[in-house]
Amino acid sequence: MAAASNTEHTQLQDMEEDVGMEEREMDSEDNEEEDMGEENVDDEEDDSSEDEKENEAEIQRLEEQLSINAFDYNCHVDLIKLLKQEGELFSLRKARQRMSELFPLTEEIWLDWLKDEIHLSEEEPNREKLYELFERAVKDYICPDIWLEYAQYSIGGMGLPGGIDKVRSIFERAVTAVGLHMTKGQMVWEAYREFENAIFSTLQPPLGRIPSHEEQELLNKQLERIHTLFRRQLAIPLMDMDATYAEFEAWSEQGVSDTIKHHYKKALQQMEKCKPFEESLLAAEPPKMAEYQNYIDFELKEGDPARIQIIFERTLAENCLVPDMWAKYTTYLDRQLKIKDLVVSTHDRAVRNCPWTMGLWKSYLLALERHGADHQTISDIFEKALSAGFIQATDYVEIWQAYLDYLRRRVDFSKESSKELEELRGAFARSLDYMKQDVEERFGESGDPSCIIMQIWAKIEALHCKNMQKARELWDTIMTKGNAKYANMWMEYYNLERSYGDSAHCRKALHRAVQCTSDYPEHVCEVLLTFERVEGSLEDWDLAVQKTETRLSRVNEQRARVAVKEANMARQEEDRAEQRRRAKSDKKAQKKMGKDVHAGEKRKAQQDYEDNWNNGTEQASKRHRGDEDQSIEEQMETETGLLGKNAPPGFKKPQQGASAAPPKQSDDKPELRNDDNSVFISNLAYTLEEPEAKLRTMFEPCGPISQIRPVFSTKGTFKGYCYIQFESVVSVSEALKLDRQEMENRPMFVSPCVDKNKNPDFKVFKYNTSIEKQKIFISGLPFSCTKKQLEEVCSSYGTIRDVRLVTYRSGKPKGLAYVEFAEETHASQAVLKMDGTVIDGNTISVAISNPPRRNMDKPGSGRPLDPIPRQVYGARGKGRTQLSMVPRSLHRQNLPANNVENGTSAAASASTSATAETKSLSNSDFARMLLNK
């Protein structure tokens, strides 16, 4: 026993020692891990401290930028993101609050803000504050997710007095606002039913106890609520509504009534009508404007106001910066629904989303007046409009006109003097000062060159206030602003005097008009003479005739001097153009002479060979005099001889002991060409291998190809362009769609095949020289920017028709681009938001496209006449690969006329080939011509 106990004791000691060693080893490993962990923590702390410093600097920069321009939307968003990363809750709340005062917040920003505030409220319960925040959120956009979050948060207050009624009230507002949402409305209805089912479960008595009469009434009432929710939901077209119907069948103990079935089937039919539009929205990429517009058009035809409202709201939730969509929505509400709270709130949201759009502010002012808003409210909205930052000077003129019209409608002109009249006059005076100071300082123009505001003021003073003295003072000011030279302005003033003034001032106005008008003086003179015929005396008539004759005589003299001056300028311009044409012609002639000298030795060697060849032919003809014509015809049947390039065109060297080979048909004869079925391909790489095969592969989908004619140099290298002829004209339009597609990293130019001799003015790409308000010009782009990336950047501002990146002929980008939008307002919005932004480290400049004028030559003067006549080869000219049937001796233009026996000289041939085709020559004619030499 003692031995056993000693053994156990020894084993226990050994085990303790082993455990101790393991623990020491583990402790040492833990210490090492702790040391390594401390090192990693130190590194992470260093990195985090650097990130914090960078974030702090960025936050400070954004704060400074917002202090300069508080309406920088993107700057607000970036600041909120950084503050959220830093965990600066107080600053984050302040930044969100500041942004919400200027702009409606998106669904994502609101949900983040609400969830943060809900989390903070767990420590400091303040439900009323959160309720106020939720109320602000649901007013910006009609979003199902925000309404669902609002309802779920309110469920947490069920235990408070009136808590259940408040939850039901919020759910009712939610289903009214977003219950018709085809894809997300169902979740709000289901949450509402779950809430009522939960209340029903709490009302049920314990198992085994029969409910009392009062309890049973409460249960029946709750069941009726749930039944009503099912019935209401099944009457609305929603996605997956068949699942809701199946759930109702399983829940209802009494079955489904015929009325509910009828409404369900009707809603199901409506859902099937809307389903294609919903599917197109799911498949489309943002901003989905075309798909939403089709959906809106469909709902407008259906005519259900509630459904029209929800589809407009869905569209604007995803396209809140599209002024045209807000204008369509507010116009519909103004003309159809006319519900004050809905109309006014929508107008307010519109101008907060697109404050730069004057038309929305103008509609807002009219809506406020239409629905009886107080004067202070309308005045405050007008002041906000003035500080919104419009992009055109004329926008300020129009918004002032709208406000002045409102003030004029407030005035009771039956009273000689009133507070409203004085306010109207003060507003007119203020508007003139505002145009002169603020608008002219910003835009360099007043935006009201015709002084429309002063004209309206003068009419009000004359018509309503009977104050012609003030009206005349205003018109004197109008004329001193550069309007005295226009006849229509004098006619406006004359008509005012005619209606509310007297004959003396009418005559005075017409006399001044005759002296000052420069655009249509004849018309003003005629009006003066007509006036004197009706009302004037003989002295008045004589004076009018004298003044009009003198004025018209002076005008005619001035016009004659201007005509002479313009003629001299035109003549000088023609002389300069002629000098440019001559210089260009001389330059071409020198270049051609250089080529002729370079090719002189080659032509001399070629001529020597032709003479030897002709002598040999002549000797052969003497030996075979009997069958001279026949043998020469056999020798002339092919296009090229076996001697290669040095053989005269049209000859084939006779082979000994063998008859001449059969004629070979050329695939490239000019008479087989058809420019109407062809396209011209250019800007291809000179190093392109097998161009014919590669182009055939690319263009075969366009239609059957008749032939491909790549153009090579004399050395056999590809010249970078070719012609493709299709079997059908239809294929040409398809081929032109491949223009500027890349082939081996180089843009390929595809253009119509046009004879420049017949159409010298034809241009493949015609530049627009006028302003293009729907198109923007972007410069400073990084060279790595692609067309797809630019589309993604610009698509948030509206529907894009086309994006064109400007490149060199080699395909390398220039950093420039043109983006064409569907609407002018989209382009204006893009300029306002994108100008000065940074893309991949490059600050870009964005402006409305306004290309400079190009000095294009006039038709007939673009190309100078060559000093040396050229051989005309037909519609497209003669390429290197196109062999001629005319001997080279006829190609030389320095050949004397008496050396040509069959036809005219080369110069004469060149001059007459444009009007008549050269007489075709047979092989016998060629042989006879050469033998006679």
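Now for a quick tour of the structure. All figures in this text were calculated on a predicted structure; none of them were measured in a lab.

### A word on the sheet that holds strand β10 (residues 845-849)
- The four strands are arranged β6-β7-β5-β10 in an open sheet whose pairing can be described as antiparallel. Every interior strand has two partners, whereas the edge strands, β6 (800-807) and β10, have only one. Neighbour-to-neighbour, the strand axes of this sheet turn through a mean angle of 20°, independent of strand direction.
- As paired elements, strand β5 (residues 772-779) and strand β7 (residues 813-821) share five bridges and run antiparallel to each other. What sits directly across from Phe777, in β7, is Tyr818.
- Strands in contact with helix α30 (residues 787-794) are β5, β6 and β7; relative to β6, the strand with the most contacts, it is inclined by about 135°.
- Across the sheet, helix α31 (residues 824-834) lies against β5, β7 and β10, angled at about 30° from β5, the strand it touches most.

### Notes on the packing of helix α5 (residues 127-140) against helix α6 (residues 144-155)
- Where α5 meets α6, the axes come as close as 10 Å, and the angle between the chain directions of the two elements is 165°. Taken together, the axis directions place α5 and α6 in an arrangement best described as roughly antiparallel. Seen from above, α5 lies across α6 with left-handed handedness. Facing Arg127, Leu130, Tyr131, Phe134, Glu135, Ala137 and Val138 of α5, the residues of α6 in contact are Ile146, Trp147, Glu149, Tyr150, Tyr153 and Ser154.
- Of the residues in the contact of α5 with α6, the class split is nine nonpolar, one polar and three charged.

### A closer look at the nonpolar core
- Among the nonpolar cores identified, the biggest contains 159 residues, and Trp361, Ile399, Trp400 and Leu424 are the most heavily contacted of them.
- Considering every element that reaches this core, the biggest residue donor is helix α18 (residues 393-410), with nine residues.
- A domain-level breakdown of this core finds at least three residues from each of domain 1 (55-103) and domain 2 (284-374).
- If you look at the next biggest cluster of nonpolar residues, it comprises 19 residues, including Leu688, Leu695, Ala735 and Leu738.

### Examining unusual backbone geometry
- Cis geometry is adopted by the peptide bond preceding Pro287, which originates at Pro286 and carries an omega value of 10°.
- With respect to the helices and strands, the residue Pro287 is situated in the loop between α11 (258-283) and α12 (289-302).
- The phi dihedral of Glu690 is positive, around 50°, even though this residue is not glycine.
- With respect to the helices, strands and loops of the structure, Glu690 is situated in the loop between β1 (678-682) and α28 (691-699).
- Overall, the relative accessible area of 61% leaves Glu690 in the exposed class.
- Phi is positive for Asp840, which is not a glycine, with a value near 50°.
- Assignment of secondary structure puts Asp840 in the loop between β8 (838-839) and β9 (842-843).
- Relative accessible area serves as the criterion here: at 56%, Asp840 is assigned to the exposed category.

### Let's talk about a positive patch on the surface
- Side chains of Lys584, Lys587, Lys588 and Lys591 sit close together on the surface and give a patch of like positive charge.
- With respect to the helices, strands and loops of the structure, Lys584 is situated in helix α25 (residues 538-598).
- For Lys584, a relative accessible area of 38% corresponds to the partly exposed category.

### Considering the sheet that holds β1
- Ordered in space as β2-β3-β1-β4, the four strands form an open sheet in which the pairing is antiparallel. The open sheet is flanked by β2 (705-712) and β4 (749-752), the only strands paired with a single partner. Put simply, the sheet's adjacent strands are angled 20° from each other on average, direction ignored.
- Sitting on the sheet, α28 touches β1, β2, β3 (718-726) and β4, and the angle it makes with β2 is about 140°.

Here is what the cut-offs are and how they apply
- Residues numbered from 1 in each chain as written.
- Predicted model: local features only at pLDDT ≥ 70, side-chain atom pairs only at ≥ 80, totals over all residues.
- Heavy atoms only, no water.
- Pairing = 2+ DSSP bridges.
- Helix = DSSP H or I, 4+ residues; strand = E, 2+ residues; numbered from the N terminus.
- Axes fitted to C-alpha atoms, helices over the stretch in contact; angles between N-to-C directions.
- Contact = heavy atoms within 4.5 Å.
- Parallel < 35°, antiparallel > 145°, perpendicular 65-115°, else oblique.
- Left-handed = near helix turned anticlockwise from the far one by under 90°.
- Nonpolar A, V, L, I, M, F, W, Y, C, P; charged D, E, K, R; others polar.
- Core = buried A, V, L, I, M, F, W, Y, C linked by side-chain atoms within 4.5 Å.
- Buried < 20%, exposed > 50% of the residue type's maximum accessible area, 1.4 Å probe, protein only.
- Domains from an automatic or database assignment.
- Patch = residues over 30% accessible without salt bridge, like charges linked within 9 Å, V, L, I, M, F, W, Y side chains within 5 Å.
- Areas by Shrake-Rupley, 256 points an atom, 1.4 Å probe, with all protein chains shown as cover.
- Salt bridge = Lys/Arg side-chain N within 4 Å of Asp/Glu carboxyl O.
- Lys, Arg positive; Asp, Glu negative; His and termini not counted.
- Charge placed at Lys NZ, Arg CZ, Asp CG, Glu CD.

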